[in-house]
Amino acid sequence: MKTFVSAGPLLILLISVSAFAAAPHVNDGILVDERGMTLYVFGGAGMPDTQSCEGDCAKNFPPAIAQPDDKGAGKLSLIPTTSNSARQWAYQGKRLYHGAMDKKPGDTHGDGLNTVWHVVRPK
């Protein structure tokens with residue numbers, strides 16, 4: 001936790017702010033992470049593989065990993081990862097991923113890649 005101190009003329013205010021990231025949210029019609037980076041779902045059969053990811057999936061489409069205290073809500077849930085005790089964000093039960101090809105908030109360069117990667121556009 002981070003603590004901020006603000007002193008007014010007669011008031012000292014202590015505010016605790018969690019250092020954990022925010023849950024995915026909608027920005028300009030697409031689901032993004034706490035930094036505004038686009039999140040993707042895999043629309044292929046099974047789990048992503050080297051063909052669908054154009055190489056190393058963990059590098060090109062890294063999973064959107066939740067912080068330990070994060071909690072799902074509504075259409076957002078948390079799914080255990082297969083490799084460790086971490087949990088991955090999911091939207092309507094589909095795992096969420098980042099696209100390494102996106103360099104700034106709002107980029108959607110992975111949308112439609114190999115016909116299996118899709119930007120999440122909640123309705």
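See above for the structure.
Bear in mind that the values here come from a model prediction, so they are computed numbers and not experimental data.

Reading the values: the criteria
Residues numbered from 1 in each chain as written. Predicted model: local features only at pLDDT ≥ 70, side-chain atom pairs only at ≥ 80, totals over all residues. Heavy atoms only, no water. Helix = DSSP H or I, 4+ residues; strand = E, 2+ residues; numbered from the N terminus. Buried < 20%, exposed > 50% of the residue type's maximum accessible area, 1.4 Å probe, protein only. Contact = heavy atoms within 4.5 Å. Core = buried A, V, L, I, M, F, W, Y, C linked by side-chain atoms within 4.5 Å. Disulfide = S-S within 2.5 Å.

*Asks:* What is the right way to read the environment of Glu 54 from this model?
*Replies:* If you trace the backbone, Glu 54 turns up in the loop between α1 (50–53) and α2 (57–60). Its relative accessible area of 51% is what places Glu 54 among the exposed residues. Separated by 59 residues in the primary sequence, Glu 54 and Leu 113 have C-alpha atoms spaced 9.0 Å apart. Filtering out sequence-adjacent residues up to four positions away, Glu 54 remains in contact with Asn 60, Leu 113 and Asn 114.

*Asks:* Explain the nonpolar core here, please?
*Replies:* Considering soluble globular proteins, one finds that nonpolar side chains tend to be buried as a cluster. Ile 30, Val 32, Tyr 40, Phe 42, Cys 53, Cys 57, Phe 61, Tyr 97, Leu 113, Val 116, Trp 117 and Val 119 form the largest nonpolar core, which has 12 residues in total. Elements that contribute at least two residues to this core include exactly β4 (30–32), β5 (39–42) and β9 (117–119). Those residues in contact with Val 32 that lie beyond four places of it in its chain are Pro 24, His 25, Asn 27, Met 37, Thr 38 and Leu 39. Core analysis: the second largest hydrophobic core is formed by 11 residues, Ala 64, Ala 66, Leu 78 and Val 120 among them.

*Asks:* How do you make sense of the environment of Leu 78 when you look at a structure like this?
*Replies:* Structurally, Leu 78 is set in strand β6 (residues 76–80). Sequence-wise, Leu 78 and Arg 95 are 17 residues apart; in three dimensions their C-alpha atoms are separated by 8.5 Å. Once you skip the residues sitting within four places of it in the chain, Leu 78 turns out to touch Ala 66, Asp 70, Lys 71, Gly 72, Arg 87, Gln 88 and Trp 89.

*Asks:* Just checking my understanding: could you explain the state of the cysteines for this structure?
*Replies:* Two cysteines joined by a covalent bond between their sulfur atoms form a disulfide. Under the counting rule described, the total for this entry stands at 1 disulfide. Through a disulfide, Cys 53 is tied to Cys 57; the S-S separation comes to 2.0 Å. The sign of the 100 degrees torsion about the S-S bond sets the Cys 53-Cys 57 disulfide as right-handed. The exposure class of Cys 53 is buried, given its relative accessible area of 2%.

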